[in-house]
Structure formats: structure tokens, C-alpha cells
Amino acid sequence: MNDMNDTNNKGPAVEVRNLHKTFQTKDGVVEALKDISLTVEEGDIYGIIGMSGAGKSTLVRCLNFLERPTSGQVYVEGRELSTLKDQELRELRRSIGMIFQSFNLLMQKSVLDNICFPLNISGVKKAEARERARELLKTVDLADKEKAYPAQLSGGQRQRVAIARALACNPKILLCDEATSALDPQTTQSILSLLRKINRELGLTIIIITHQMSVVQEICSRVAIIENGELVEDGFVEEIFKHPKSRAGRRLVIEGKDPDEWEAAVSETSDEKGVGPLPILNENRRIRIVFSRNSAFEPVISNMSIHFKTPVNILKADTRNIGGTAKGEMILGLPDGPEIQEKMIQYLKDHSLAVEEVTEDVVG
């Protein structure tokens, strides 16, 4: 168990200020990250989402200086990484665990020896390392697999071993780089449940790099959306779900498209912005509403149609899991006439519904 008291006065777990990262290639300079600033509070589960090539993996490698930023600052528990000597940086990295999509296990070593590996490198005695490894196997529900080899395990079991190994040196921060991308949905759920348990019981700060919005909605409290190397939106997941402000955020939330689907969506449209209009319907105004816990039990839409003696079209209805709570959303097509449209919008707001306009830059 981490002693959280010794970091209470050190500020956020991770803070990034005006971070830039460029790479020199044969074709010239590539700007991978452009003026990124974000804050991850201690004990948080923070998501970073974007499509392939957006810069999110480069960003996560900058958080422990596996990649050195071209400019800007990275603070970990109040310590600015560029000011640390090599030995200090190596020591700090021990407090940052990492897990990856490909698990990165040593195939010729047993499960127990894989978990012991970072402890052996740190000079921990063999008996003590094995005791620690067995404790962690219990934590990840693999106590009966210590003699098995990675090739004998399922993908979910391998990721559990990787998580146990990442926890071996008692890190305070856990970086998860596409840790569930190679797993099926059911296994993904079990790994996310394990990460939530670790966050709750050990007090770890967890940063999840992903291209899956479902992962962010399931486990993260805050999220940063990265597009073309820029931070286009960040904030609480629930707030972004209610009112996404960026184009990328609207694609993720309203369209329900993960970033790996964006290219296909863009290629199917014909306007200069790469995003076509919604299908042409009879309505001339569309809104998106998000149900609160109380309003979900009321037939608000039906009651509204009865109240105004005018129907509305339900263009989309969906329920999503946001931080373990079901959240409902609908996209409605309102009848013609600005006066009745405004009255309906006010009616919905009076019944505790979050309401926002759906403009034509959202694909239906």
C-alpha cells in the first residue's frame, strides 16, 4: 500500500506545461505535440484519447522522459523532470509503472519470474521478491498461475501478469498505453475492473492512453482529447459527454465514433471540411439531450409532445456507461417554427435535461 501522506503537499501527480515535441525526419521536421498543457490530480484515472498518429503515445513517453520534450515542462509530484540528474530520473521512473498493448512479457520466464524481474534489477533479495510477486498474483487473481509461462496464458491473463509486474516496485503512477486494445470486450471489462480496484485500494494515479471512447467512459473521471498533436478538449468525462465543445469531442460523443473510425467517416463525405451534413429530414432544428438520473424515470419526451400537441422525431437514442453509471442521450428533430422550438427547449431544461444544439458538422 502506498503511503499517500508524503505527497499531499506536492501538488498534482502529473502536470504538463506548454509541451512541444518535434522529430527530424528525411522529409523535414514533424511537430508531434503542439503546446500541450494538462493536469492529472493524485489518485485520478485520467484518459488521453486520439486516433493513430495524433501524438498520444509520444505524450505518454514524455511523461517519464523516455522521450525528452523539445520544449515545455513535465512535473511529476512537483519535480520538474528536465532539472533531474540521470540518477534522480532513474529513481523517479521507479515510481511510474507502465503496461502496454503487447504485454511485453519475457516468454522464456515463468509468470512468477516475470513479476520478480524488476525487483531483481532493483536489488531486492530473491526470497523477498518472490513473496512480493505472490502477493501481486493474488491482487490480479492469478495466484494459481505462478509456474505457468506467458504462452500458456490468455490475452487477459497476460495483461494481468503485466499489471502485477508494473506494480512490483510500488509505483505511485501507472501509465497504460493501449492496454486493452488487443483484448475482446469481455476481457477488456475485466481488466478495467482490475484497474479500478487497484486505483481504489492502492491509491494509484492511472493514466490511460486509448483510442476507445468506451474505455474512457467506463473508467476515467477526466479525459484529454488529442488531435493532430494538439489538445483540443479536456475536462471531466461526464461534462464532455453532456456538452462536447470540440469537433473531435462531438465525433466521440454524439456520433459514437472512436478515433480509428474518423478517417473512414471523413473519406465518405464530400465537403471541404471533410464532414457532411446530417440526413435531410423535415425538421430544421436538431438538439441533443442528456438524461439525468431523475429524468430517466419520466416519459419527458412523450409528455412534452402531449403538452404542446406537437410530435418530435427521435433521430437517435442511446445509453452509455459513464464511470459506472448509465447515462441516456437522444437526438431530437424539433418541429418547424422558432417559437415552439424555444418553448420545447425550455420545457426540457425545466425537467432537468441537458440540452445542446446539434449542428450540421455532425455525421448522422
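This structure is a prediction, so every number in the text was calculated from the model and none was measured.

Things to note about the layout of surface pockets
(1) Moving on: In this structure, the largest pocket occupies an estimated 590 Å³ of space.
(2) Moving on: Along the walls of the largest pocket sit 19 residues, with Arg93, Ile96, Gly97, Met98 and Pro118 positioned nearest its centre.
(3) Moving on: With 4 residues, strand E6 (residues 96–100) is the single largest residue contributor to the lining of the largest pocket.
(4) Moving on: Partitioned by chemical class, the residues of the lining of the largest pocket number 11 nonpolar, 4 polar and 4 charged.

Topic: the nonpolar core
(1) Moving on: Ile115, Ile163, Cys176, Leu195, Ile206, Ile208 and Ile219 are the most contacted members of the largest nonpolar core, which totals 53 residues.
(2) Moving on: Considering each element in turn, this core owes the most residues, 6 residues, to helix H5 (residues 155–167).
(3) Moving on: Ala13, Leu59, Cys62 and Leu84 belong to the second-largest nonpolar core, a separate cluster that totals 30 residues.

Here's the deal with the pairing of strand E10 (residues 230–236)
(1) Moving on: Sheet analysis places strand E9 (residues 222–227) next to E10, joined by 6 bridges and oriented antiparallel. Following the sheet pairing, Ile225 is matched in E10 by Glu233.
(2) Moving on: Count of turn residues in the E9/E10 antiparallel hairpin: 2 residues, of which Asn228 carries a positive phi of about 55°.

Topic: the pairing of strand E8 (residues 205–210)
Two faces make up the sheet, and in a regular strand the side chains alternate between them.
(1) Moving on: Burial of E8 is extensive: 6 of the 6 residues sit out of reach of the surface.
(2) Moving on: Side chains of E8 alternate between two faces, with Thr205, Ile207 and Ile209 and Ile206, Ile208 and Thr210 buried alike.
(3) Moving on: Pairing of strand E3 (residues 45–49) with E8 involves 5 bridges; the strand directions are parallel. When the sheet's bridge partners are listed, Tyr46 is paired in E8 with Ile207.
(4) Moving on: Where strand E7 (residues 173–177) meets E8, 5 bridges bridge the pair, whose relative direction is parallel. What sits directly across from Cys176, in E8, is Ile208.
(5) Moving on: Tracing the backbone out of E7, into helix H6 (residues 185–202) and back to the parallel element E8 gives a crossover that is right-handed.

Topic: the sheet that holds E3
(1) Moving on: Judged by pairing direction, the sheet is mixed, and its 6 strands sit side by side in the order E6-E7-E8-E3-E9-E10 without closing on themselves. Every other strand in the sheet has two partners, leaving E6 and E10 as the edge strands with one partner each. Shown here is a sheet whose adjacent strand axes are inclined to one another by a mean of 15°, direction ignored.
(2) Moving on: As defined by bridge partners, E6 adjoins E7 across 5 bridges and the pair is classed as parallel. Bridging across to E7, Ile99 finds its partner in Cys176.
(3) Moving on: Sheet strands touched by H5: E6 and E7. Its angle to E6, the strand with the most contacts, is close to 165°.
(4) Moving on: Strands E3, E7 and E8 of the sheet are contacted by H6, whose axis makes an angle of about 155° with E8.

Things to note about the confidence of the model for the protein
(1) Moving on: Scored by pLDDT, the protein comes out at a mean of 81, with 83% of its residues at no less than 70.
(2) Moving on: Low pLDDT, under 50, characterises residues 1–9; the predicted model gives this stretch 15 contacts beyond four residues in sequence or across chains.
(3) Moving on: Low pLDDT, under 50, characterises residues 264–283; the stretch is placed with 37 contacts to residues that sit more than four places away or in other chains.

Remarks on helix H3 (residues 111–121)
(1) Moving on: Three or more residues of H3 are buried, namely Val111, Leu112, Asn114, Ile115, Cys116, Pro118 and Leu119.
(2) Moving on: Considering only its buried residues, H3 is in contact with helix H4 (126–139) and H5.
(3) Moving on: Of the residues one or two after H3, Gly123 is the one with positive phi, at around 85°.

Structural notes on the sheet that holds strand E2 (residues 28–40)
(1) Moving on: The strand order across the open sheet formed by 4 strands is E2-E1-E4-E5, and the pairing between neighbours is antiparallel. Edge positions in the open sheet fall to E2 and strand E5 (79–80), since each of these has one partner strand only.

Observations concerning the packing of helix H11 (residues 300–308) against helix H12 (residues 338–350)
(1) Moving on: One way to put it is that H11 packs onto H12 with a least axis distance of 11 Å and a crossing angle of 140°. Classed by the angle they form, the pair H11 and H12 counts as oblique. H12 is crossed by H11, and the crossing has right-handed handedness. Residues Val300, Ile301, Asn303, Met304, His307 and Phe308 of H11 pack against Ile340, Lys343, Met344, Tyr347 and Leu348 of H12.
(2) Moving on: Residues of the contact of H11 with H12, tallied by class, amount to 8 nonpolar, 2 polar and 1 charged.

The rules we used
- Residues numbered from 1 in each chain as written.
- Predicted model: local features only at pLDDT ≥ 70, side-chain atom pairs only at ≥ 80, totals over all residues.
- Heavy atoms only, no water.
- 1 Å grid on protein atoms, 1.4 Å probe; cavity = no way out; pocket = protein on both sides within 12 Å on 5 of 7 lines; lining within 4 Å.
- Points joined across faces, edges and corners; volume = space filled by probe spheres on them.
- Helix = DSSP H or I, 4+ residues; strand = E, 2+ residues; numbered from the N terminus.
- Nonpolar A, V, L, I, M, F, W, Y, C, P; charged D, E, K, R; others polar.
- Core = buried A, V, L, I, M, F, W, Y, C linked by side-chain atoms within 4.5 Å.
- Buried < 20%, exposed > 50% of the residue type's maximum accessible area, 1.4 Å probe, protein only.
- Pairing = 2+ DSSP bridges.
- Right-handed = clockwise from strand over helix to strand, strands pointing away.
- Axes fitted to C-alpha atoms, helices over the stretch in contact; angles between N-to-C directions.
- Contact = heavy atoms within 4.5 Å.
- pLDDT = per-residue confidence, 0-100.
- Parallel < 35°, antiparallel > 145°, perpendicular 65-115°, else oblique.
- Left-handed = near helix turned anticlockwise from the far one by under 90°.

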